[in-house]
Amino acid sequence: MEFRVLGRPEVSHAGERLDVGAPKQLTVLSALLLSTNTALSAERLVESVWWQPPSAAGSNLRGYLAGLRRVLHPPGERDSRLRTERAGGYRIVVRPGELDLDRFDDLAAQGERALRTGLLSTAADHLEQALRLWRGRTLDGVTYGPALQAMVTRVEERRLVVAEQWAQARLDLGQPEVVAVDLRSLVREHPLRERLWAHLILALYRSGRPGEALAAYAELRTVLAGELGVDPAPDLRRLHRQILRGEADVGGPTVESAPAVARPRQLPAGANALYGRATELTWLAQLLSGSRARPGPVVVAVDGVAGVGKSALALAAANRSAAHFPDGQFYVDLQGATPGLAPLRSIDVLGRFLRTLGVRPANVPDDEAEAAALFRSLVAQRRVLVLLDDAVSLAQVRPLLPGGSGCAALVTSRETLTGLVEAVRVPLGLLTPPDAVALLGGLTDPNRVAAEPEAAARVATLCGYLPLALGIAGARLVARPGWPLAALADRLAAAQHRLDELAVAHLAVRSSIELTYRGLPQPVQTAFRRLGLLKARDFPSWALAALLNVPLPQAERLIDNLLTVRLLETTSGAPGQMTGEIHYRFHDLVRLYAQEQVAEKDPVHVRTAAVRRLSGACLALAERAEDRLSADFLGLTRHRVARWSLPRPDVERITADPRAWFDQEHAFLVAAVEDGIDRGATGLAGCLAAALTTFFQVGNHFDDWRRVQTAALVAAERAGDRRTAMKLHRGLGELDTVQDRYDDAMEHFTAARAASTDRDPGHVAAINAGLGYLHRLRGEYNAALSRFTEARQLAEATGNHNGLVYAIGGIGAVQMERGQLTSAVECFEECLRLSQAAGYLPGAAQAWRCLGHVYRYRGDYDDAAIHFARAREISEGLGDRLGSAHAACWLGEMRVRQGRHVEGRRLLVQCLWIYRDFANEWGEAATLWALAVAQLAVGRPRVARHRAAQAVAMWRRLGSPYWLGTGLETLAEAYDLIDEPIAARQARQEANQLRQRLDET
């Protein structure tokens, strides 16, 4: 059979085209073909077919699948090519060479390999053959839903990249005529793709057609101005000037069609020296560097027992080979064998990789297969190395492997990853006896080891020739320079007799750990055990101070003792990435032993008290950091709950840079909430989760925000802790407000209000302010004023400056939308005065912005621009990208109304990307509306109609009647100018109805 998707989808058998059936059946077929040999669930197929699935979508889909099963059962084959998987889902069996997309990928890959080796003619031929497979746009003529649209977009992007590579190769070969002919149709299909235009313009000029080259540039400039309101990129403008001057040697285009991709350097520093691994290290370096030629990306899998040195070897090899991967090195600890921690999910790791590569968080796919495909696409033409440390399974690893032939992946795991057939397996065994003795000497003193060769050999034997066990034994010798090696050997032998019946692979390590542990002073043993309570893998020294209820200097001395005997290690980041507090961690087996000891030796009430102190320490630090950041509009920085805290000077030092502190401690704080919940400290854990609200918001950690506060809320409600539940409902209400989920936000704020009491006036004020904001957005002005007024009174009574500013600003916003501008100005000026007196910069930025809106309503665009610019400056100084966009959006509109059209449109386009980055629909709608105004200002009503219609659709979905009315009025104006009077009248009537309804609220 033959399957074609590079154009209108077709299926053929024995040279005859098959009738696929109804259009929706063709869409189902297309989705399955673009996911070649991969099963798609019924839910995924529904999302591929419909944007808004009908109630009978499930039964309709089953009918389409039944029809496809008949079509795809050709004569002579036992089964239909459409298969239903036992694990669920459907897939089409496509054999090698049957799908045109597979042939395209193979030819493109051959061309790219030829490009890297400088074989331009061969590369151009292969790339051209790949492009000749296209008969139009992907799935031409097919209508589809969002899931399939995402797949089509990625295939089209791949096509354009290959076309750009082909054009560059032909130009470099001195064949511009071919390029000029073939790129014409592509730039028509993709008129905003500047790199394609650059190749076309250069090809026309080099073909002796400068007039056509200049005409093509003029066409591009018109397209960009009409669609985006921007000029061509600087390199294209420079090319244009060169052509105008008639320069003989016009260089090739350097325009990029996308922002520059980051080049990650994530490899931690490796060990200073490796003993007994020279052969493996050389072999790995050869594989990674490509001196051992292999088709496709290099995949190397290192496996071996715990403590054998897999990670150390992999890091050494990766660091040695880093120069061969100039486009970046990724590193991730997959936590496959970390006691107490779940292995990382592939989709979470892919999200981390994609964000590192510059993909906006809102554009990271939720589906693992889609995210993996996007990752492979982004690195396909680059030379990157991916180090996957401590993998647990093939299913975890497979989606994380790069796809480009210039890439490599290095995987470590305890078990052999059967099924990873493309990998070169490097099994790592125990050290040889001489190498084990040499390692012991390197860790201590070679002369000392040489003086007792028999005892040294015996220590190596008792350590099982495992590097981890030898490291712990060597640390004991360093700590006791007068000890003979024979004494250590005797103690190790005795320790083994005391061990439980264990797996052989762990026996030597456990004997070394136990012997070291039992030789520690009692306070150090206690410290070792208490660290076994932590869910987080990495931790700062102040965590131990809380677990032990001791001063920080004492905790640091205890950590030094554990470092000396190698029961702890410092975490090592990539060069230049270590900031803030030093973090420490256990090796997995050492961590397991600590967990066993604390469970055996420390009573439950002791463990619970230790975790409660840890939760308190985290809460105290989070509150102080939030207070210093001063970014919570509602001013909630204290939770009235008894807690343990570090001394004030330590708290001040640790939180000196609050953003940096949270960035470093983010994972630890999230784990601390989970620790508190697990140990029944629901009040402290819930307060800590609530205290992290501001940091989650400014850091764009929305997934953690929802997961952590939802878990804490469930625990609080289960425990009957209404007060903590109130705080968490308030936090989740803020999250739903930020994410434009207004109905859910209203439910959370209402639940918080129902659970509130007179004991928490600050939180009651915050809840009322949140409700007031939602009522204002929904056009319920009387209710909004009631809530804001109550919030103002409570904030004044409690001396909460931030909350007071927010409440007064909310009252002013209602008055402004009602047209009561004088009263609104009084509110905003009071907000500005209060903020400046308290040094509250976010409040000042908001006040400047609100005053700018008043001037904007009055038509005083110059003064409005001054106010918006001031607000933007303050927000940028705070590192608040979203706040800066809120100001820049309206500043862009003012620039347009001042006649500075290009500057205004540029600002608006920048804001559009920021809002999409934060998935902020309200801001995106406001920017689209402002772009519509900008297009009307320069006489482009059709483009304006498109932008205004987008804004109207978003505001309608959000349920924001005031701004929906504003958008409809602009849409009506655009309809008037393109002579569509009926549509204009309908839009204007709806806007008037909305205004009348708002006047009644």
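Thresholds, definitions, all that
Residues numbered from 1 in each chain as written. Predicted model: local features only at pLDDT ≥ 70, side-chain atom pairs only at ≥ 80, totals over all residues. Heavy atoms only, no water. Phe/Tyr/Trp six-rings, centres within 6.5 Å; stacked < 30°, edge-to-face > 60°. Helix = DSSP H or I, 4+ residues; strand = E, 2+ residues; numbered from the N terminus. Buried < 20%, exposed > 50% of the residue type's maximum accessible area, 1.4 Å probe, protein only. Lys NZ or Arg CZ within 6 Å of the ring centre and 35° of its normal. Pairing = 2+ DSSP bridges. Salt bridge = Lys/Arg side-chain N within 4 Å of Asp/Glu carboxyl O. Axes fitted to C-alpha atoms, helices over the stretch in contact; angles between N-to-C directions. Parallel < 35°, antiparallel > 145°, perpendicular 65-115°, else oblique. Left-handed = near helix turned anticlockwise from the far one by under 90°. Contact = heavy atoms within 4.5 Å. Nonpolar A, V, L, I, M, F, W, Y, C, P; charged D, E, K, R; others polar. UniProt positions renumbered as here; feature names shortened; annotations may be inferred. pLDDT = per-residue confidence, 0-100.

## Examining the packing of aromatic side chains
Logical step 1: Under the definition given, this model contains 23 aromatic pairs.
Logical step 2: For the ring pair Phe539 and Phe586, a centre distance of 6.4 Å and an interplane angle of 55 degrees mean the geometry is tilted. On the criterion of sequence distance, the pair formed by Phe539 in strand 11 (residues 539–540) and Phe586 in the loop between strand 13 (583–585) and helix 25 (588–601) is long-range, its members being 47 residues apart.
Logical step 3: Residue classification places Phe586 among the buried positions, given a relative accessible area of 3%.
Logical step 4: Three or more aromatic residues joined by ring pairs form one cluster here, namely Tyr517, Phe528, Phe539, Tyr584, Phe586 and Tyr593.
Logical step 5: The cationic tip of Arg383 hangs over the ring face of Phe325; the distance from NZ or CZ to the ring centre is 5.9 Å.
Logical step 6: Just above the ring of Tyr962 sits the side chain of Arg995; from NZ or CZ to the centre is 4.8 Å.

## Description of the pairing of strand 8 (residues 385–391)
Logical step 1: Counted residue by residue, strand 8 has seven buried out of seven residues, so it is predominantly covered.
Logical step 2: Judged from the five bridges that link them, strand 7 (residues 329–333) and strand 8 form a sheet pairing that is parallel. Opposite Val332, over in strand 8, you have Leu388 as the bridge partner.

## Considering the pattern of salt bridges
Logical step 1: In the structure shown here, the tally under the stated rule is 57 salt bridges.
Logical step 2: As a salt-bridge pair, Arg132 and Glu128 come within 3.3 Å of each other at their nearest N and O atoms. Here Glu128 and Arg132 lie together in helix 5 (residues 120–132), a separation of four residues that amounts to about one turn.
Logical step 3: Within the structure, one salt-bridge network assembled from shared partners comprises Arg4, Glu10, Arg17 and Arg135.

## Quick word on the packing of helix 33 (residues 742–755) against helix 34 (residues 761–777)
Logical step 1: One way to put it is that helix 33 packs onto helix 34 with a least axis distance of 9 Å and a crossing angle of 150 degrees. Viewed along their axes, helix 33 and helix 34 adopt a mutual orientation that is roughly antiparallel. Of the two possible hands of crossing, helix 33 and helix 34 adopt the one that is left-handed. Every residue of helix 34 that contacts helix 33 at Tyr742, Ala745, Met746, Phe749, Thr750, Ala752 and Arg753 is listed here: Ile767, Asn768, Gly770, Leu771, Leu774, His775 and Leu777.
Logical step 2: A breakdown of the residues in the contact of helix 33 with helix 34 according to their chemical character gives nine nonpolar, four polar and one charged.

## Notes on the UniProt feature "repeat: TPR" (unreviewed entry) in the protein chain
Logical step 1: Per the UniProt record, the feature "repeat: TPR" (unreviewed entry) sits at residues 845–878.
Logical step 2: End C-alpha to end C-alpha, residues 845–878 measures 10 Å, and it is 91% helix and 0% strand.

## What to know about the sheet that holds strand 3 (residues 16–17)
Logical step 1: Here we have three strands laid out as an open sheet, ordered 1-2-3, and antiparallel in their pairing. For this open sheet the edge positions go to strand 1 (2–4) and strand 3, each flanked by a neighbour on one side alone.
Logical step 2: In this structure, strand 1 lies alongside strand 2 (residues 10–13), joined through three bridges in antiparallel fashion. Bridge pairing links Arg4 to Glu10 in strand 2.

## Examining the confidence of the model for the protein chain
Logical step 1: Looking at the protein chain as a whole, the pLDDT averages 84, with 92% of positions reaching at least 70.
Logical step 2: The low-confidence segment residues 252–261 (pLDDT under 50) makes 21 contacts with residues lying over four places distant or belonging to another chain.
Logical step 3: Note on residues 497–505: pLDDT under 50 across the span, and eleven contacts to partners over four residues away in sequence or across chains.

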